[in-house]
Amino acid sequence: VWAAEQRGPRGFARLVALKRMHPALAQQERFERLFLNEARIAAQIRHPHVCQVIELGEDEAGLFLALELVAGEALSTLLR
């Protein structure tokens, strides 16, 4: 998961979380199905403690999910 900038018309831009499958898994039909199912299910959830799905997309690198970006500490930092 990376922070990315979503751009739109007339200079619109916002930060999003961009989630991709690992390239080694992206070529496997089973993992693609799991990723698409995750996207469908997550898009139906409306809760203040769950990031909203903004977009499901695909480019030359494969499928991706653009999600609401929530600022905060990294999980690895909190676990230490």
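Note that residues are indexed from 1 along each chain, following the sequence as it is written. Only residues with pLDDT of 70 or above have their local features reported here, since the model is predicted, and side-chain atom pairs are shown and tallied only from 80 upward, although totals for entire chains, interfaces and linings are computed over all residues. Calculation of side-chain values draws on the structure's entire complement of heavy atoms; hydrogens and water are dropped beforehand.

### Comments concerning the environment of V70
- Elements are defined by DSSP. Helices are runs of H or I of four residues or more, strands are runs of E of two residues or more, and each kind is numbered from the N terminus. Mapped onto the secondary structure, V70 falls in the loop between β4 (62-68) and α3 (75-79).
- For the pair V70 and A17, spaced 53 residues apart in the sequence, the C-alpha separation amounts to 8.1 Å.

### So, the nonpolar core
- In plain words, nonpolar cores are sets of buried Ala, Val, Leu, Ile, Met, Phe, Trp, Tyr and Cys residues tied together by side-chain atoms within 4.5 Å. Under the scheme applied here, a residue whose accessible area is under 20% of the maximum for its type counts as buried, over 50% as exposed, and between as partly exposed, the area being computed with a 1.4 Å probe on protein chains only. In terms of nonpolar packing, the biggest core is built from 8 residues, these being A17, M21, A26, F35, A39, L63, L65 and L67.
- When residues of this core are traced back to their parent elements, those giving at least two are α2 (29-44) and β4.
- In terms of residue count, the dominant contributor to this core is β4 (3 residues).
- Residues count as neighbours in contact if any of their non-hydrogen atoms are within 4.5 Å of one another. Once you skip the residues sitting within four places of it in the chain, F35 turns out to touch K19, R20, M21, L56, L63, F64 and L65.
- Counting residues in hydrophobic clusters, the runner-up holds 5 residues, among them A4, V16, L18 and F64.

### Considerations on the side chain of Q6
- Mapped onto the secondary structure, Q6 falls in strand β1 (residues 2-7).
- For this analysis, a polar contact is any N or O atom pair within 3.5 Å, provided that within protein one partner can donate a hydrogen and the other can accept it, and provided that sequence-adjacent residues contribute only side-chain to side-chain pairs. Separated by 2.7 Å, the side chains of Q6 and R14 make a polar contact.
- In contact with Q6, not counting residues within four places along its chain, are F12, A13, R14, V16, I54 and E55.

### Notes on the pattern of salt bridges
- A pair is scored as a salt bridge if a Lys or Arg side-chain nitrogen falls within 4 Å of a carboxyl oxygen belonging to Asp or Glu. All chains considered together, the criterion is met by 4 salt bridges.
- Residue E38 pairs with K19 through a salt bridge whose shortest N-O separation is 2.5 Å. One end of the pair, E38, is in helix α2; the other, K19, is in strand β2 (residues 13-20), with 19 residues separating them in the sequence.
- Judged by relative accessible area, E38 falls into the partly exposed class, the value being 33%.
- With a relative accessible area of 24%, K19 lands in the partly exposed category.

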